[in-house]
Amino acid sequence: MMRRVFRRHIRKSLAQEVPPILQEANFAFSKGEYGRAAELFEQIARAADGRGGPRAPLFHLQAGRARVLAGQAALGIPSLERGLELLAQRGQFPRLRRFGTRTVNELTEHGLKSEADKIAAWLESVLPKVPSIEATSKGPALPRHCPSCGAPLRPDEVEWLDEVTAECGYCGSPVKDEH
Ligand SMILES: [Zn+2]
């Protein structure tokens, strides 16, 4: 089984304790097994949400995105909405703006215009009018995937701990800029 092999391989090189289910979810997503990835992210998100975990919004968003990519948008919308709602509740407006904009764009790309419009209107109503000034990243060279959990690393999804160190949004491992 590919999955087994992959997991063992990853675990050997692990510096941090990362839940195997998260590695499995990221692996399924990267292989294009979106239905499977969605099921796993939904489980992870539910657990994280239940304990008020800081990464719950990202997990919900990834679950929703996987559903959309699997052609199951109706199942994904509640996850997308929950993820964005949590960011709003927690007052994380710069992240809400980033993830919200991206969600709207992705839904539009998949022809889900009315769902996209609904979320865009909601964003408009909750986001502060004046965009908060964000440190725009200068295109740092992160590895493509988190060495610990296998999540794709996007400069707009990680939290920067300092100039050269980002924190993986999925497992919390520090990742060094490769410059
Ligand atoms: Zn990670």
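Before any of the text, the structure's been laid out above.
Residues numbered from 1 in each chain as written. Predicted model: local features only at pLDDT ≥ 70, side-chain atom pairs only at ≥ 80, totals over all residues. Heavy atoms only, no water.

Draft legend 1. The arrangement of the nonpolar core in detail. Of all hydrophobic cores here, the largest spans 46 residues; its most connected members are Leu22, Phe41, Phe59, Leu107, Cys149, Cys168 and Tyr170. Broken down by secondary-structure element, the contributors of at least two residues to this core are helix H2 (20–31), helix H3 (34–50), helix H4 (56–69), helix H5 (73–89), helix H6 (93–109) and helix H7 (113–126). Each of two domains, domain 1 (20–132) and domain 2 (135–179), supplies a minimum of three residues to this core. Apart from the residues within four sequence positions on either side, Cys168 is in contact with Cys146, Cys149, Ala151, Leu153, Ser173 and Val175. (Core = buried A, V, L, I, M, F, W, Y, C linked by side-chain atoms within 4.5 Å. Buried < 20%, exposed > 50% of the residue type's maximum accessible area, 1.4 Å probe, protein only. Helix = DSSP H or I, 4+ residues; strand = E, 2+ residues; numbered from the N terminus. Domains from an automatic or database assignment. Contact = heavy atoms within 4.5 Å.)

Draft legend 2. A look at H5. Along its 17 residues, H5 runs 24 Å from first to last C-alpha, staying within 8% of the 24 Å computed at 1.5 Å per residue. For H5, every residue scored as buried is listed here: Ala73, Gly76, Ile77, Ser79, Leu80, Gly83, Leu84, Leu86, Leu87 and Ala88. Just downstream of H5 lies Gly91, where phi reads positive at about 70°. (Expected span 1.5 Å × (residues − 1).)

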